[in-house]
Amino acid sequence: MDEHRLRELIACVKDGRFTRRSFVRAMAAVGLGAPMAGSLLGAAGVATAQPREAELTPTRRGGGGTLRILMWDAPTLLHPHFGRGLRDFTVQRIFYEPLAAAAPDGTLVPVLAEDIPSRKANTLAKDGQWVTWRLKRNVVWHDGAPFTADDVIFNWEFALDPATAAGTRASYEDITRIDRLDQYTIKVIFKKPQPYWASAFTGGGLLPRHIFQSVKGTGAREAIGMIPAVGTGPYRLTEFRPGDLIRAELHKGYHVPNRPFFDRLDIKCGGDAVGAARAVLQTGEYDFAHYVLIEEEVLRRIEQGGKGRVMTIPSSAVSFIQCNQTDPWREVDGERSSLKAPHPLLTDQSVRNALSLTVDRTSIQEHLVGRTGQITANFLNAPDRFRSHNSTWEFSIEKANDVLEQAGYLRGPDGVRAKDGRRLRLLFQAAANSTVQKIQTVIKQGAARAGIEMEVKAIPASVFFSSDVSNVDTNVRFHADLQTYTVFTGLDPQLFMAQFASWEVPTKENGWNGRNIARWRNADFDRLWRKAENEMDPAKRAALFIKMNDMVVQSAVVIPVTWRNVVHAAANSLAGIEPNSWDSIFGRIAYWYRLG
């Protein structure tokens, strides 16, 4: 599609002759995903799409009784700056809200902002180096205090303070200053032009300044759990027992008229995914089960119960095997998995290549993952324009044996290979889940056929993904040779791919707060990542991320297995749920309602 035709289509959307949805589909046909299509329309001054309204048009707030939810992968904290993993990000959005969030088509929609900044309104610089946010008025926190520009600025200060060690720091560190133009307007000035100016204040929620100001910095982590969640969301927290339950009641001062529908939330945490699915699909005891990670055969049987439906939502997530580049068994200066101690086996690419060849992805997808994912050779799979077409995968035990043989790893009497007296024996850890443990078993069996001995370890998910960096069993501390889990990218992959940047390695010195959990360092990758930070041409920038993906996949420092869908179970009577690949499923919980 040439520039003339593209401008013609945009003009048709502007004057109503062509719908936004049709435009997005036309762009998809030529390889440009929904986020890019939305960006093109936004740059041309076409109004941002609003979230699709639910069918119910209520005349009053509440009246819907209690909404009963199950989260088997139990949240352990409700904090927008410290959450780890899908469970924490998902549930904090019930209580905390951002200035804007992503709609299903990948465009931004306002939440606490009055509108989305644009060049047409003179609230966005052409190069993205500054952006003006106009805030909604008459928004109040759960304790009745007003939401103002001071709260937004505080979240930048909170995340940027090194002593806070916030997990969101990377989203805010390119901001050089924020000018408070008035009580409801701020101007964000960045250090340099921003290819993706919306990384700050969107997606995750915002904290109230008047409550969290006293614990900014060194006291921030200690205060987790001591200060209850106080946000602007549709529900106000009444009780939270980490890993057990969450109770909330509707926020009477919620800024959306006549929302939410339900009076109360009762979220039961813990248990297992199978039990959660059964409680919705078979017995009808609960209305919604979050992220039912179950092997396909079991899920098919459960959904025959007829009380509910399975919701399959495409996502940006990838499940993968991570190869530790440091030695988890050697302690240096009080630190295991230290950069000062390279891994004795997994720094050898021939070992990593052989491991990739032993992964039977087809069996994993067909018998275990089912509708929850598809095989992928890429680490970065979404948005569409960033997905590489250069990567391939292969399952071949014969080739794996050849690779190891040529690298000098010879079989011993027990069938396990060794080189220079060091046996190919690896510890493979993951969060405890029946499906994940079966995936580990498939991988272990394939590795054994190539002469690699593997021990599998299951760690409770509440521990494995804990924000408590002093816990040595977290995935960040990585006291194992291999581990598997799932990660999600956002509309822009800059932060997502930062997990391979050399300066992002978690260490004792930085409180194990870095994103590069594999501890892989490569100067060429670092240069590509830095270049993408400043590249304003969307096509050239996408090409940089494709190169980054190809580099980490070809190095086999991570071994992609499946590109995941998120699967939930919902009661037949529950309506108004908006499937969204880019935001928490609870991001629009205020619009859920019960039929009849």
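These numbers were taken from a predicted model, which means no experiment stands behind them. (Residues numbered from 1 in each chain as written. Predicted model: local features only at pLDDT ≥ 70, side-chain atom pairs only at ≥ 80, totals over all residues. Heavy atoms only, no water.)

Within a regular strand, side chains alternate between the sheet's two faces. The pairing of strand β16 (residues 425–431) with strand β17 (residues 453–459) spans seven bridges and is parallel. Following the sheet pairing, Leu427 is matched in β17 by Glu455. Between the parallel elements β16 and β17, the chain passes through helix α13 (residues 434–449) in a crossover that is right-handed. (Pairing = 2+ DSSP bridges. Helix = DSSP H or I, 4+ residues; strand = E, 2+ residues; numbered from the N terminus. Right-handed = clockwise from strand over helix to strand, strands pointing away.)

Attention shifts here to the sheet that holds strand β15 (residues 422–423). As summarised here, the arrangement of the three strands in space is β13-β14-β15, forming an open sheet in which the pairing is antiparallel. The outermost strands of the open sheet, each flanked by one partner alone, are β13 (410–411) and β15. Bridge analysis of β13 against strand β14 (residues 417–419) gives two bridges, and the strand direction is antiparallel. Residue Arg411 lies in a different strand from β14, and its bridge partner there is Arg417.

Tallied over the entire structure, the rule returns 22 aromatic pairs. Seen in terms of ring centroids, Phe154 and Phe158 are 5.7 Å apart; in terms of plane orientation they differ by 55 degrees. Their pairing is tilted. Of the two residues, Phe154 and Phe158 are both situated in helix α5 (residues 149–160); the distance of four residues between them amounts to about one turn of the helix. The buried category is assigned to Phe154, whose relative accessible area is 1%. (Phe/Tyr/Trp six-rings, centres within 6.5 Å; stacked < 30°, edge-to-face > 60°. Buried < 20%, exposed > 50% of the residue type's maximum accessible area, 1.4 Å probe, protein only.)

Now for unusual backbone geometry. Cis geometry marks the peptide bond from Arg259 to Pro260; its omega dihedral reads 0 degrees. Along the chain, the position of Pro260 falls in the loop between β8 (245–250) and β9 (264–269). That bond from Ala382 to Pro383 is cis: its omega, -5 degrees, falls within 30 degrees of zero. Topologically, Pro383 is positioned in the loop between β12 (373–375) and α12 (397–406). Residues other than glycine seldom take positive phi values, yet Tyr291 does so here, at roughly 50 degrees. Tracing the chain through its elements places Tyr291 in the loop between β10 (288–289) and α9 (296–302).

Attention shifts here to the environment of Asn534. Its location among the elements puts Asn534 in helix α16 (residues 523–534). Considering only alpha carbons, one finds Asn534 and Pro193, 341 residues apart in sequence, at a separation of 6.6 Å. When residues no more than four places from it in sequence are discounted, the contact partners of Asn534 are Lys192 and Pro195. Among the polar contacts made by the side chain of Asn534, one reaches the main-chain carbonyl oxygen of Arg530 at a distance of 3.3 Å. (Contact = heavy atoms within 4.5 Å. Polar contact = N/O pair within 3.5 Å; in protein donor to acceptor, adjacent residues only side chain to side chain.)

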